[in-house]
Amino acid sequence: MAEGRRGLWYGFAAYAMWGLFPLFWPLLEPAGAADILANRMVWSLVAVALMLLVQRRWAWIRPLLAQPRRLALSALAAAVISVNWGVYIWSVNAGHVVETSLGYFINPLVTIGFGVLVLRERLRRAQWVAVGTGAAAVVVLAVGYGRLPWIALTLALSFATYGLLKKRVALGGPESLALESAAMFPFALAFLGYLAVRGEGSFGRVVPGEYGWGHSWLLILSGVITAVPLICFGAAAVRVPLTTLGLLQYLAPVFQFLIGVVVMHEEMPPARWAGFGLVWVALLVLTVDALVRVRTDRAATAAARARAAAGLPAAEPTAVTS
C-alpha cells in the first residue's frame, strides 16, 4: 500500500508538472517559439543523458542500433513530437492556453480513432458514443471559434501519432526521450547556431533592460522540466494500475484549462463552454466504460482462479455485445 501511495504521488506530480507548463513558457519571452523549442531539444538531451549516466542505463543502445526499423520509427516519433512541442509553446505564448487544453482533452478520443483506423480495433458501444460526442464537440467548437480549432486538433493528432509510433518502438520513457532528443539534436543545434550568427538567438546574450543570463538559465531549465515529469511518470507506472494512470492523465489538461481561464483570463463564450461540455461528457463515458471493463475483467479472473483451485474446467467464454 505504501508503494501504491508513493506511485500515486509520482503520477500526480508528473501530470501536475505537465499541466503547469503554460506558466513556464511565457517566462522565456522574448525568445520565439522556434528558439525555445530548439533549446528545449538540446537541453533535454543533456538532462536525460546525465540521468541515464548516473543510473548506468546504457545496455539498450547496442541492440537498438542493430534494428534500423525501430531507429527509423524513433526518428519519425521525434519529428512528430517536435511538431507537438512547437505548436504547444507557440500557442501558450500567443494566448491560446484554453485551446491547448482542449487538444489534450480530446487526445484519448483521437487515440481511439487511430485504434480503429490503423490497428483495426473493434470498439464497444460506449466508446462509439464517446467518439461521436467528441466529433459533435469539434463541430460546436468550430462554430464557436468561427474556424476549426486547429491548435487543439494539431496537438491531439500529433500526440496520438506519437503514441502510436512509441507503441511500435516499445522503448522505456527516459530511453525514448534520449533517443528522440538525439535524433533532433543536430537540427536544433544547427538552428541555434544559425540564430547566433544572425544575432537573433537569445541564449547566452545579454540585452540591458530586457534579459540576461537569468534568461539563459531558464532556457537550460526547459530541458530539465522536460525530463523530470517523465521520471516521475516512469516511477508511477510501475507502482499503480494503468486505470489509475488513465484517470490521472486528465489532470494536465484540467490544470491547463484553469490556467487559461483563471490566470490568463481567456474568453469562454457560451458556444465554447458547450463544446468543452460535450468533450467532458465524452471523457466521462470513456472513464465509466473503462472502470466497468476493469471490474468485469477482475471478476472473470477471480472466478477463473476459483474454478482452477477447485479443479473445475474453465468456463466457456461468453460473447461481448457492448
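Not measured: the values here are computed from a predicted model.

Conventions and cut-offs
- Residues numbered from 1 in each chain as written.
- Predicted model: local features only at pLDDT ≥ 70, side-chain atom pairs only at ≥ 80, totals over all residues.
- Heavy atoms only, no water.
- Helix = DSSP H or I, 4+ residues; strand = E, 2+ residues; numbered from the N terminus.
- Rg over C-alpha atoms; globule rule 2.2 N^0.38 Å.
- Areas by Shrake-Rupley, 256 points an atom, 1.4 Å probe, with all protein chains shown as cover.
- Lys, Arg positive; Asp, Glu negative; His and termini not counted.
- Charge placed at Lys NZ, Arg CZ, Asp CG, Glu CD.
- Buried < 20%, exposed > 50% of the residue type's maximum accessible area, 1.4 Å probe, protein only.
- Contact = heavy atoms within 4.5 Å.
- Salt bridge = Lys/Arg side-chain N within 4 Å of Asp/Glu carboxyl O.
- Phe/Tyr/Trp six-rings, centres within 6.5 Å; stacked < 30°, edge-to-face > 60°.
- 1 Å grid on protein atoms, 1.4 Å probe; cavity = no way out; pocket = protein on both sides within 12 Å on 5 of 7 lines; lining within 4 Å.
- Points joined across faces, edges and corners; volume = space filled by probe spheres on them.
- Nonpolar A, V, L, I, M, F, W, Y, C, P; charged D, E, K, R; others polar.
- Expected span 1.5 Å × (residues − 1).
- Core = buried A, V, L, I, M, F, W, Y, C linked by side-chain atoms within 4.5 Å.
- pLDDT = per-residue confidence, 0-100.
- Patch = residues over 30% accessible without salt bridge, like charges linked within 9 Å, V, L, I, M, F, W, Y side chains within 5 Å.

## Structural notes on the overall build of the protein chain
Thinking step 1. Across its full length, the protein chain carries 12 helices and zero strands.
Thinking step 2. Of the regular secondary structure in the protein chain, the N- to C-terminal order runs α-α-α-α-α-α-α-α-α-α-α-α.
Thinking step 3. What you see for the protein chain is a C-alpha radius of gyration of 22 Å, in line with the 20 Å of a compact globule of 322 residues.
Thinking step 4. Expressed as lengths along the three principal axes of its C-alpha atoms, the size of the protein chain is roughly 80 × 55 × 40 Å.
Thinking step 5. With the model as given, the accessible surface of the protein chain reaches about 17,000 Å², and the carbon-plus-sulfur share is 70%.
Thinking step 6. The distance from the centre of the 25 positive side-chain charges to the centre of the 14 negative ones in the protein chain is 12 Å.

## Quick notes on the environment of L52
Thinking step 1. Summarising the element assignment, L52 is placed in helix α2 (residues 33-55).
Thinking step 2. Residue L52 is classed as buried on the basis of its relative accessible area, which comes to 0%.
Thinking step 3. Other than its neighbours up to four places away in sequence, L52 contacts R57, W58, W60, P174 and A178.

## Digging into the environment of P149
Thinking step 1. Topologically, P149 is positioned in the loop between α6 (125-145) and α7 (150-169).
Thinking step 2. In this structure the C-alpha to C-alpha distance between P149 and V138, which are 11 residues apart in sequence, comes to 7.4 Å.
Thinking step 3. Residues within four places of P149 in sequence aside, it is in contact with E99, L102, V138, L141 and A142.

## Here's the deal with the side chain of R40
Thinking step 1. With respect to the helices, strands and loops of the structure, R40 is situated in helix α2.
Thinking step 2. Although buried, R40 forms no salt bridge, and the nearest oppositely charged side chain, E180, lies 10 Å from it.
Thinking step 3. Not counting chain neighbours up to four residues away, the residues in contact with R40 comprise F21, W25, W85, I89, S222, G223 and T226.

## A few points about the packing of aromatic side chains
Thinking step 1. By the definition in use, this model includes 17 aromatic pairs.
Thinking step 2. Here F105 and W280 contribute two aromatic rings whose centre-to-centre distance is 6.0 Å and whose plane-to-plane angle is 75°, an arrangement assigned as edge-to-face. Of this pair, F105 sits in helix α5 (residues 97-117) while W280 sits in helix α12 (residues 270-309), placing them 175 residues apart in sequence.
Thinking step 3. Given the relative accessible area of 3%, F105 is considered buried.
Thinking step 4. For W280, a relative accessible area of 32% corresponds to the partly exposed category.
Thinking step 5. Ring geometry for F159 versus Y162: centroids 5.9 Å apart, planes at 45°, classification tilted.

## Description of empty space enclosed by the protein
Thinking step 1. This structure, assessed with the given rule, holds one cavity of 30 Å³ or more.
Thinking step 2. For the largest cavity, the full set of lining residues is M41, A78, I81, S82, W85, L177, E180, S181 and M184.
Thinking step 3. Partitioning the lining of the largest cavity into residue classes produces six nonpolar, two polar and one charged.

## Focus on α2
Thinking step 1. Over its 23 residues, α2 extends 32 Å from the first C-alpha to the last, a length consistent with the 33 Å expected when each residue adds 1.5 Å.
Thinking step 2. A positive backbone phi angle near 55° is found at R56, which sits one or two residues after α2.

## Concerning the nonpolar core
A general tendency of soluble globular proteins is for nonpolar side chains to be buried together.
Thinking step 1. By size, the foremost hydrophobic cluster in this structure holds 44 residues, and its most contacted members are W25 and Y88.
Thinking step 2. Elements with a minimum of two residues in this core: α1 (2-24), α2, α4 (68-93), α5, α7, α8 (173-198) and α9 (213-237).
Thinking step 3. At 10 residues, the largest contribution of residues to this core is made by α4.
Thinking step 4. Non-local contacts of Y88, meaning those with residues more than four positions away in its chain, are made with W18, F21, P22, W25, T100, Y104, L155 and Q256.
Thinking step 5. Among the nonpolar cores identified, the runner-up in size contains 25 residues, and L123, A137, A160 and L283 belong to it.

## Side note on the confidence of the model for the protein chain
Close inspection of predicted coordinates is inappropriate for parts of the model with low pLDDT.
Thinking step 1. The pLDDT averaged across the protein chain works out to 83; a share of 91% of its residues lies at or above 70.
Thinking step 2. Per-element confidence in the protein chain ranges from a low mean pLDDT of 68 for helix α10 (residues 242-248) to a high of 91 for α4.

## Observations regarding a nonpolar patch on the surface
Thinking step 1. Together, L20, L23, V254, L258, V262, V263 and M264 make up a nonpolar patch on the protein surface, roughly 550 Å² of accessible area in all.
Thinking step 2. Where the nonpolar patch is concerned, the elements lending two or more residues are α1 and α11 (251-263).
Thinking step 3. Looking at the nonpolar patch element by element, the count peaks at four residues for α11.
Thinking step 4. The residue L258 is located in helix α11 in this model.

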